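For reference, the chains in residue letters:
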Amino acid sequence: MTKSYPVGGRFGEFGGQFVPETLVPALQELERAYLRWKGDVGFRAELASMLKEYAGRPTPLYFARNLTERAGGAKIFLKREDLLHGGAHKINNTLGQGLLAKRMGKHRVIAETGAGQHGVATAIACAALGLKAEVYMGSVDIERQKLNAYRMELLGAQLHSVTSGSRTLKDAINEALRDWASNVSTTYYLIGSVVGPHPYPVIVRDFQSVIGKEIREQMRRREGRLPDAVVACVGGGSNAIGSFHEFVEKRGVKLVGVEAGGAGRGRNAASLAEGRKGVLHGMLTYVLEDEDGQIRETQSVSAGLDYPGVGPEHSYLKESGRATYVTAGDKEAIVAFHLLAEVEGILPALESAHAVACAVKMARSMKKDQTVVVTLSGRGDKDVQIVAKEAGVRL
Amino acid sequence: MSEISKSFAGLAEREGALVAYVMGGDPDPDACSKVIDAVVAGGADILELGIPFSDPIADGKSIQAAAVRALSAGTTPRRVLELAKNAKEKHHVPVALMTYFNIFYSQGFENFLRLAKSHGVDGIIIPDLPLDEASRYARISRRVGVDNILLAAPTTPAGRMRMLASNTSGFLYLVSILGVTGARRSLRRGTLTLIADAHRYTRDKVPLAVGFGISAPEHVREVIRAGADGVIVGSSIVDRVADYRENKRAKVLQNVEEYVRSLKAATRG
């Protein structure tokens, strides 16, 4: 299916390169470099070593006994990407692309960030690899995630506040694309999710697919078989694609992506559930738009899922029926956050809490000898203030 | 021959075409129609009319702000098409519609293109639909009879420039700088060489018009002298429209008209 490289940059009809002409040669250069280096022995060894020694891979696959008892059905396993350096899966990608930028001789790296996790992971990777990082972040998001904004600066990145449009993630991507067009010969654009023009969705997928590879091996050793279901949250969709990719050709494994249901119909960030096919940020995919094709503003308690598009491969997996996409609302995510904290002693990122909410629901209707793996894409320390506010607690 | 091609063909020896950009619906749809009148009165040969889009990745601050003004005034794509229709009926000026691909895609490309054609639109400029993606739609544009004006950039390699020159229609839009739209104080070093290089591929084939960053009559003169068949000016017109208030309407419109006139004069050397 989609295990191989997407022909012509397309997953079915989705994907493509809808970018200004200035960037087309840069994307071609990036693709050539990626194809050259991705199989290179030295490159792979350096990345593997950084992932192991620096980022903390492999991450544990933890059997969540208490959560399983609570759900009263299938066994629930947690893939602990939250334990990685930086506190999220994002570093799998930033180390990979950072090394690629170095091989391409580009020492200025730009990135966009929503909640700040990708910005932090970019700042970390660039500091470690000796690259200069500049991060675009919407001014609304900076206000919501002050700590992450300051963390980036502590890590040596230069932060650019974006005040155009809705002043959130989508506008940060717009601004990063504008910067890239202006400085294309010296600059590497390190995109943070499986979105954007080809070849980004495939590059980010490949670097994140380590998640699913480890899940498969860990389940084999522990349970002697493949999981029955893999569940992950979907904003742009990088931790989900990273979790799914290894299993796409294993038809017995149910793949479930969980979008942000926000505050209900019309007030969410569920591009696959409520969107239409459209073109945003260089890709053809499901987007949230109004009847004229203007991109809609989104809403979610989790800034990391607050994006009006989704990776084109997810649109393809949905359309082909290979993966299923559901939503969990703000309230369900908050409930799941508290549940996991209380019964397992783990504070999940609010993004990941959406996946936990769905996994518990699914496990309940499955048999006891079945297994559900849920990817905890990040840790929840960054969200403690939001959770307190939702609970009416003043810190 | 399309209206746009005719406009280039009708120029005097050594005269360049002035393509003037107006953001449709900026500052509001009614006032915009007066801005269009002023631009045409100033001597624009071709009107480039923008449809505001929520996420204009090829545009700098001026045109972004214009899009925000137009959208907040309730401008829809259909309202911009009505502006195109009025301009066409009133002034008989060729109209090129400029917007991002999603505006077309969301209505169905062919459907929206036919609608545009029926409103007097002669050409389309879609900055996020580069050659490779545009080729899927080339046949539709030909069938409907609308010029699909492609863009070339300073990063475009020679072989691709040749392909762009043979696949574009109306004219080839040469982006003169790396980056986004917006007035620059001076022409980028290398712009004149870039024009000369591109001209080798467009000569005898299709007119070459140069845009992005051009804001002064001296830029226009230099660009035409370097071999371009036309210039495209946008942000610095839009910046003048940004001053529009009901109480200084006449002054702003006069300012726009005089500015366009100075640019047009410069296209004659």
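Below: a short report on this structure.

1. Some points on the side chain of glutamate 15 of chain B
Residue and element names in this part refer to chain B.
Working step 1: Note on placement: glutamate 15 falls in the loop between α1 (3-9) and β1 (17-23).
Working step 2: In this structure glutamate 15 comes out as buried when scored by relative accessible area, which is 18%.
Working step 3: Of the polar contacts made by the side chain of glutamate 15, one reaches the side chain of lysine 264; its length is 2.8 Å.
Working step 4: Setting aside its immediate chain neighbours within four residues, glutamate 15 contacts Lys264, Thr267 and Arg268.

2. Looking at the sheet that holds strand β3 (residues 95-98) of chain B
All names here are of chain B.
Working step 1: Spatially, β5-β4-β3-β2-β1-β9-β8-β7-β6 is the arrangement adopted by the nine strands of the open sheet, whose pairing is parallel. Edge positions in the sheet fall to β5 (147-148) and β6 (151-152), since each of these pairs with one other strand and no more.
Working step 2: Judged from the four bridges that link them, strand β2 (residues 46-50) and β3 form a sheet pairing that is parallel. Each residue of the ladder has a partner; that of glycine 50, found in β3, is methionine 98.

3. A look at the interface of chain B and chain A
How big an interface is tends to be reported as the loss of accessible area on association of its parts.
Working step 1: Tallying the contact residues gives 37 residues for chain B and 34 residues for chain A.
Working step 2: Buried surface at the junction of chain B and chain A, summed over both partners, amounts to about 2800 Å²; 50% is from carbon and sulfur atoms.
Working step 3: By the criterion of area lost to chain A, the three top residues of chain B are Asp55, Ile57 and Tyr105 of chain B, representing 21% of everything that side buries.
Working step 4: Our count for the contact surface shared by chain B and chain A stands at four salt bridges.
Working step 5: The partner of glutamate 21 of chain A in a salt bridge is arginine 160 of chain B, with the nearest N and O atoms 2.7 Å apart.
Working step 6: Broken down by element, the residue count for the side of chain B that touches chain A peaks at six residues, all from helix α5 (residues 101-107) of chain B.
Working step 7: Considered class by class, the residues forming the side of chain B that touches chain A number 20 nonpolar, nine polar and eight charged.

4. Quick notes on the packing of aromatic side chains
Any aromatic ring pair is given by two values, namely how distant the centres are and how the planes are angled relative to each other.
Working step 1: Applying the stated rule across the entire model yields 18 aromatic pairs over all chains.
Working step 2: Through successive ring pairs, a cluster of aromatic residues spans Phe18 of chain A together with Phe101, Phe104, Tyr105, Phe109, Phe112 and Tyr137 of chain B.
Working step 3: Here the basic side chain of arginine 103 of chain A rests over the ring of tryptophan 37 of chain A, its NZ or CZ set 5.2 Å away from the ring centre.
Working step 4: Sitting over the face of the ring of tyrosine 259 of chain B, arginine 240 of chain B holds its NZ or CZ atom 3.6 Å from the ring centroid.

5. A closer look at the environment of serine 238 of chain A
Working step 1: Looking at the element boundaries, serine 238 of chain A is found in helix α11 (residues 238-244).
Working step 2: Sequence separation of serine 238 of chain A and alanine 269 of chain A is 31 residues, and the distance between their C-alpha atoms is 16 Å.

6. Points about the packing of helix α5 (residues 117-129) of chain A against helix α7 (residues 146-154) of chain A
The geometry of a pair of packed helices is captured by two quantities: the angle between their axes and the separation between those axes.
All names here are of chain A.
Working step 1: The N-to-C vectors of α5 and α7 enclose an angle of 10°; their axes lie 9 Å apart at closest approach. For the element pair α5 / α7, the angle class is roughly parallel. Judged by the twist between their axes, the crossing of α5 over α7 is left-handed. Contacts from Gln117, Gly119, Val120 and Ala123 in α5 reach Asn148, Arg151 and Met152 in α7.
Working step 2: Considered class by class, the residues forming the contact of α5 with α7 number three nonpolar, three polar and one charged.

7. Quick look at the environment of valine 144 of chain B
Residue and element names in this part refer to chain B.
Working step 1: If you trace the backbone, valine 144 turns up in helix α8 (residues 138-144).
Working step 2: The sequence separation of valine 144 and leucine 115 amounts to 29 residues, and the corresponding C-alpha distance is 10.0 Å.
Working step 3: Look past the residues within four positions of valine 144 in its chain and what remains in contact with it is Leu113, Arg114 and Lys117.

8. What to know about helix α10 (residues 210-223) of chain A
Because an α-helix completes one turn every 3.6 residues, residues spaced three or four positions apart along the sequence face the same direction.
All names here are of chain A.
Working step 1: For α10, built from 14 residues, the straight-helix expectation of 20 Å at 1.5 Å per residue is met to within 8% by its first-to-last C-alpha distance of 19 Å.
Working step 2: The complete set of buried residues in α10 reads Val210, Ile211, Gly212, Glu214, Ile215, Gln218 and Met219.
Working step 3: At its buried positions, α10 is contacted by β3 (61-63), β4 (75-80), α4 (90-103), α9 (200-208), α11 and β14 (371-376).

Scoring rules and cut-offs
- Residues numbered from 1 in each chain as written.
- Chains lettered and ligands numbered in written order.
- Predicted model: local features only at pLDDT ≥ 70, side-chain atom pairs only at ≥ 80, totals over all residues.
- Heavy atoms only, no water.
- Helix = DSSP H or I, 4+ residues; strand = E, 2+ residues; numbered from the N terminus.
- Buried < 20%, exposed > 50% of the residue type's maximum accessible area, 1.4 Å probe, protein only.
- Polar contact = N/O pair within 3.5 Å; in protein donor to acceptor, adjacent residues only side chain to side chain.
- Contact = heavy atoms within 4.5 Å.
- Pairing = 2+ DSSP bridges.
- Buried area = accessible area lost by both parts, 1.4 Å probe.
- Salt bridge = Lys/Arg side-chain N within 4 Å of Asp/Glu carboxyl O.
- Nonpolar A, V, L, I, M, F, W, Y, C, P; charged D, E, K, R; others polar.
- Phe/Tyr/Trp six-rings, centres within 6.5 Å; stacked < 30°, edge-to-face > 60°.
- Lys NZ or Arg CZ within 6 Å of the ring centre and 35° of its normal.
- Axes fitted to C-alpha atoms, helices over the stretch in contact; angles between N-to-C directions.
- Parallel < 35°, antiparallel > 145°, perpendicular 65-115°, else oblique.
- Left-handed = near helix turned anticlockwise from the far one by under 90°.
- Expected span 1.5 Å × (residues − 1).

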